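# Structure at a glance
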Amino acid sequence: MNITVIGTGYVGLVTGLVFSDLGNEVICVDIDPEKVRSLLEGRPPFYEPGVEELLQRNLQEERLHATTELESAVRHADVIFITVGTPPRENGEPDLRYVEQVAQEIGRALNGYKIIVTKSTVPVGTGNYVRRIIEDHRQGDHEFDVVSNPEFLREGSAIYDTLYPERIVIGAESQRAALKIVELYAPLERPMLITNLPTAEIIKYASNAFLALKISFVNSISNLCERVGADVTQVAKGMGYDSRIGAQFLQAGLGFGGSCFPKDVKALIYSSQKHGLDTTLLQSILDINEQRAFDFVERMAEKLGGLKGKTVAVLGLSFKANTDDVRDARSIEVIGALMQHGADIRAYDPAAMPNFQRIYPDLTYCRSAYEAAENADAIALVTEWNEFKQLNMERIFKLMRKPFLFDGRNIYDPMRMQKIGFEYYGIGRTVEAPLLQPALHGARG
Ligand SMILES: NC(=O)c1ccc[n+]([C@@H]2O[C@H](COP(=O)([O-])OP(=O)(O)OC[C@H]3O[C@@H](n4cnc5c(N)ncnc54)[C@H](O)[C@@H]3O)[C@@H](O)[C@H]2O)c1
């Protein structure tokens, strides 16, 4: 099939690569000439495991092309995916200006029957809106269909998620369009749900809001665990064995970030309010999440007797492991709060430092976790990179001025950390519990 993907970010590029690898002719379009140049040279514009290899293979085999020329790319295609960004406005409403621009251009370029698929996360009603824009801009009576095919990939495992999606949702108003998209995805042999446009659009928001709800729920439980000497990791395990609940997205920590969850919950609130509905539950998901970084830093300040002039090593800046994406990362808030308290920050991340430097140019950026830990009064573990799980913690301990370890993702074993000599604070695991009494409290520095 001839496929055009418009917007070559995380979603668009991975979609284009996977369809191309399956044997389709794919053109990736982006408005940013630098991105297109980098793609044509075989260099992915962002860090994502497996992308570089797939990009180089498909360029070499000449199934994948990249361009800034939207018109010719539309004319060549049977199926056109819209994968541009839909960032939130101040009031939570998704900004659809990129989708609108692209729909207008598709309308003008239309030269025969095509299926236009919105893969960007867009509020309910957008499919019909895109159809109206294309109708208004097409030159001639060319037929087309609009389909909603929301994307569920996770950054960090985007290729895997695209090859093995748990479900493929196809919202279509015509059988002709639905069957064509089924045919396109058939080689993946994954479950498909065919439904109408608004249902598909809501499935995406409802799914993300539900996952965010699970995270905020367990975080709220972790607060109680901390107060009463319970261990939230065990509570979550005990809950997760129940198949009605499931173990995923029950890790207590600093909360969710990234370019999707916060934005999508806000958008669902916006859509619900527009229809006069109560949004208390959805609003609580965000409120609980926003409090996490603030409480984490307050706890650090309390345990260290204030943070003014203290050196804090921040490990992890990306919004989650295995990505260099820092959009809405919890690290931004943690570091902001630490700076407000007057702390000096030594930051390290395996992949996200170049992106983070654009937000905080003046921090001390280090070449490794060990360098960050040198003479630090405390470590704040913010992102759960595997690299941090494998650190030589005895060496880290020796490098530090004071042995405070604040584990914002519960990646370390409290007993082991305590044995090494750290004053360890996890999330929802109280140090006051008998097994976790810090042995060396106040013994150093
Ligand atoms: N990133 C994720 O993990 C993820 C997962 C599921 C769904 N989504 C959704 O997918 C959409 C895209 O997200 P993303 O993270 O890939 O965004 P992104 O910002 O990484 O990429 C968007 C791309 O679109 C390009 N673009 C903007 N206007 C354009 C135009 N007029 N013509 C051509 N290209 C244009 C930009 O230059 C950019 O490269 C969003 O709606 C997002 O909510 C993202």
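Everything numeric here is computed off the predicted structure, so don't read it as measured data.

## Structural notes on the overall build of the protein chain
- Looking only at helices and strands, the protein chain has 18 helices and 14 strands in total.
- A compact globule built from 445 residues should have a C-alpha radius of gyration of about 22 Å, and the protein chain, at 24 Å, falls within 12% of that.
- Looking at the protein chain residue by residue over its 445 residues, the buried ones come to 55%.
- Restricting to contacts in the protein chain with at least 6 residues of sequence separation, those with at least 24 account for 72%.
- In the form shown here, the protein chain has an accessible surface area of approximately 19800 Å², with 49% of it arising from carbon and sulfur atoms.
- Charge separation in the protein chain, taken as the distance between the mean sites of 48 positive and 59 negative side-chain charges, equals 5 Å.

## Re the packing of helix H12 (residues 280-304) against helix H13 (residues 330-340)
- Two elements in contact, H12 and H13, have axes whose closest approach is 9 Å; the angle formed by their N-to-C orientations is 40°. The orientation of H12 relative to H13 falls into the category oblique. For H12 against H13, the interelement crossing comes out right-handed. Counting all contacts with H12, which are made through Asn-289, Glu-290, Ala-293, Phe-296, Val-297 and Met-300, the residues of H13 involved are Arg-330, Glu-333, Val-334, Ala-337 and Leu-338.

## With respect to the pairing of strand E7 (residues 168-172)
- For E7, the buried fraction is high: five of the five residues fall into the buried class.
- In this structure, strand E6 (residues 144-148) lies alongside E7, joined through two bridges in antiparallel fashion. If you follow Val-147 over to E7, its bridge partner there is Ala-172.
- In this region the chain leaves E7, passes through helix H8 (residues 175-185) and returns to the parallel neighbour strand E8 (residues 192-195); the handedness of that crossover is right-handed.

## So, the site of the ligand
- As a structural note, the neighbourhood of the ligand is formed by 26 residues, with Asp-30, Lys-35, Thr-86, Glu-155 and Lys-263 the closest of them.
- At a separation of 2.6 Å, an oxygen atom of the ligand approaches a polar side-chain atom of Lys-35.
- Out of a free accessible area of 830 Å², the ligand has 90% covered by protein chains.
- For the shell around the ligand, the element with the most residues is helix H5 (residues 97-109), which contributes three residues.
- Of the residues that constitute the shell around the ligand, the class distribution is nine nonpolar, ten polar and seven charged.
- Looking at which domains feed residues into the shell around the ligand, each of domain 1 (2-194) and domain 2 (196-445) supplies at least three.

## Some thoughts on helix H10 (residues 232-240)
- Within H10 the residues assigned to the buried category are Val-232, Ala-236, Met-239 and Gly-240. Taken around the axis of H10, the buried residues stretch over an arc of 95°, which confines them to a single face.
- At its buried positions, H10 is contacted by helix H9 (197-228).

## Let's talk about the side chain of Asn-24
- Mapping Asn-24 onto the fold places it in the loop between helix H1 (10-21) and strand E2 (25-29).
- From its side chain, Asn-24 meets the backbone nitrogen of Met-1 in a polar contact 3.1 Å long.
- A polar side-chain atom of Asn-24 sits 2.9 Å from the main-chain carbonyl oxygen of Phe-19.
- If we ignore the near neighbours within four places in the chain, the residues touching Asn-24 are Met-1, Ile-3, Phe-19, Arg-63 and Leu-184.

## A few points about H5
- Helix length check: H5, at 13 residues, gives a terminal C-alpha distance of 18 Å against a target of 18 Å (1.5 Å per residue), a fit within 8%.
- Listed in full, the buried residues belonging to H5 are Val-99, Val-102, Ala-103, Ile-106, Gly-107 and Ala-109. Projected down its long axis, H5 carries its buried residues within an arc of 170°, all on one side.
- Those residues of H5 hidden inside the fold are in contact with strand E1 (2-6), helix H4 (70-76), strand E4 (79-82), strand E5 (114-118) and helix H6 (126-137).

## Examining the domain arrangement of the protein chain
- As assigned here, the protein chain comprises domain 1 (2-194) and domain 2 (196-445).
- The gap between the C-alpha centroids of domain 1 and domain 2 is 33 Å.
- At the interface, 36 residues of domain 1 touch 27 residues of domain 2.
- Regarding the contact of domain 1 and domain 2, the summed buried area is about 2400 Å², with carbon and sulfur atoms giving 61% of it.
- Here domain 1 and domain 2 share one salt bridge between them.
- In this structure, Glu-155 and Arg-327 form a salt bridge, with 3.6 Å as the shortest nitrogen-oxygen distance.
- The tally of links between domain 1 and domain 2 comes to ten residue pairs in polar contact (both at pLDDT 80 or more).
- Those elements that place two or more of their residues in the side of domain 1 that touches domain 2 are H6, E6 and E7.
- The greatest single-element share of the side of domain 1 that touches domain 2, amounting to four residues, is contributed by H6.
- For the side of domain 1 that touches domain 2, the per-class residue count stands at 17 nonpolar, eleven polar and eight charged.

Cut-offs used in this document
- Residues numbered from 1 in each chain as written.
- Predicted model: local features only at pLDDT ≥ 70, side-chain atom pairs only at ≥ 80, totals over all residues.
- Heavy atoms only, no water.
- Helix = DSSP H or I, 4+ residues; strand = E, 2+ residues; numbered from the N terminus.
- Rg over C-alpha atoms; globule rule 2.2 N^0.38 Å.
- Buried < 20%, exposed > 50% of the residue type's maximum accessible area, 1.4 Å probe, protein only.
- Contact = heavy atoms within 4.5 Å.
- Areas by Shrake-Rupley, 256 points an atom, 1.4 Å probe, with all protein chains shown as cover.
- Lys, Arg positive; Asp, Glu negative; His and termini not counted.
- Charge placed at Lys NZ, Arg CZ, Asp CG, Glu CD.
- Axes fitted to C-alpha atoms, helices over the stretch in contact; angles between N-to-C directions.
- Parallel < 35°, antiparallel > 145°, perpendicular 65-115°, else oblique.
- Left-handed = near helix turned anticlockwise from the far one by under 90°.
- Pairing = 2+ DSSP bridges.
- Right-handed = clockwise from strand over helix to strand, strands pointing away.
- Near = heavy atom within 4 Å.
- Polar contact = N/O pair within 3.5 Å; in protein donor to acceptor, adjacent residues only side chain to side chain.
- Nonpolar A, V, L, I, M, F, W, Y, C, P; charged D, E, K, R; others polar.
- Domains from an automatic or database assignment.
- Arc of directions from axis to C-beta.
- Expected span 1.5 Å × (residues − 1).
- Buried area = accessible area lost by both parts, 1.4 Å probe.
- Salt bridge = Lys/Arg side-chain N within 4 Å of Asp/Glu carboxyl O.

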